[in-house]
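# Coordinate inspection notes
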Amino acid sequence: MVRWAEASELPGLVSIELAADRLFEQVGIVFPPGTTMIEEVDDPGAVLVEGRPPAGFALIGWVDGNLHLDQLAVHPGSMRQGIGGRLVAAVIDHARAAGAPAVTLTTYRDVSWNAPWYARHGFSVMPEAEWGPELRALVEHERELGIEVAPRVVMRRA
């Protein structure tokens, strides 16, 4: 069942993000060293989780008036059980309840469990001409962090 994270669970989510990130090595993507996204979070109200202890999480924020999925991570040992899909559905439900016109995210274009997976969940590539200033700044920040080691896209679901 998807629920909001408890503050005491946030430190434990780091291992999920690190384990999920290691999967990218299979497709030649190695992330630069540095802190994980979840380590920088101090508000459990920005994190949806599934499981006790959590097997996966969705980190959300707001970008240009849309709900933005900053990070979706499922522990590899718990993958292919629908956890990611349930987390994305909960994010979409929360966006709808909060009055957001859309959910946005950035992801790798050619990694099977990234853009193609989100497309199956109703997301489509958002043309750069439609990016707002906050989204443009976020993409630029990702480039500066060095995670654009393979083609990335912005996606949106209304």
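The following refers to the structure shown. All figures in this text were calculated on a predicted structure; none of them were measured in a lab.

## A closer look at the packing of aromatic side chains
All chains considered together, the criterion is met by six aromatic pairs. Between the aromatic rings of Phe31 and Tyr108, the centroid separation amounts to 6.2 Å while the plane-to-plane angle is 45°, which identifies the pairing as tilted. Linking Phe31 in the loop between α1 (10-22) and β2 (47-50) with Tyr108 in strand β5 (residues 103-108), this pair joins segments that are 77 residues apart in sequence. Centre to centre, the rings of Tyr118 and Phe123 are 5.6 Å apart; their planes meet at 75°, and the pair counts as edge-to-face. No difference in accessibility class separates Tyr118 from Phe123, as the two residues are buried. Through a chain of ring-to-ring contacts, three or more aromatic side chains come together here, namely Phe24, Phe31, Tyr108 and Trp113. Between Arg152 and the ring centre of Tyr108, over which it is positioned, the NZ or CZ distance is 4.5 Å.

## A short note on the environment of Ala150
With respect to the secondary-structure elements, Ala150 resides in the loop between α4 (133-145) and β7 (152-157). Counting along the chain gives 42 residues from Ala150 to Tyr108, while the straight-line C-alpha distance between them is 6.7 Å. Every residue in contact with Ala150, bar those within four places of it in the chain, is listed here: Ile29 and Tyr108.

## Comments concerning the nonpolar core
With 24 residues, the main nonpolar core has Leu69, Leu72, Val88, Val91, Tyr118 and Phe123 as its most contacted residues. Those elements that provide at least two residues to this core are β3 (56-63), β4 (66-74), α2 (83-98), β5, α3 (115-120) and β7. Among the elements that line this core, the one with the most residues is α2, at seven residues. For Val88, the contacting residues outside a window of four places in its chain are Leu69, Leu72, Trp117, Tyr118, His121 and Phe123. Judged by nonpolar contacts, the second largest core, of 14 residues, contains Ala5, Ile38, Phe57 and Ala73.

Thresholds, definitions, all that
- Per chain, residues are indexed from 1 in the order of the written sequence.
- Restriction of local features to residues with pLDDT of at least 70 applies here, the model being predicted, together with a cutoff of 80 or more for giving and counting side-chain atom pairs; totals for whole chains, interfaces and linings are based on all residues.
- Side-chain metrics rest on all non-hydrogen atoms present in the structure, leaving aside hydrogens and water.
- Only rings of Phe, Tyr and Trp enter the pairing, Trp through its six-membered ring, and a pair is recorded when the two centres are within 6.5 Å. The plane angle decides the type: under 30 degrees is stacked, over 60 is edge-to-face, the rest tilted.
- Helix and strand assignments follow DSSP, with helices taken as H or I runs no shorter than four residues and strands as E runs no shorter than two, numbered in order from the N terminus.
- Each residue is placed in one exposure class: buried if its accessible area under a 1.4 Å probe, protein chains only, is under 20% of its type's maximum, exposed if it is over 50%, and partly exposed if it falls in between.
- Each ring is checked for a lysine NZ or an arginine CZ that lies within 6 Å of its centre and within 35 degrees of its normal; such an atom marks a charge sitting over the ring.
- Contacts: residue pairs with any heavy atoms within 4.5 Å of one another.
- Residues grouped as a nonpolar core are buried Ala, Val, Leu, Ile, Met, Phe, Trp, Tyr and Cys residues, joined through side-chain atoms within 4.5 Å.

Take it as geometry only, folks, not as evidence of what the structure does.
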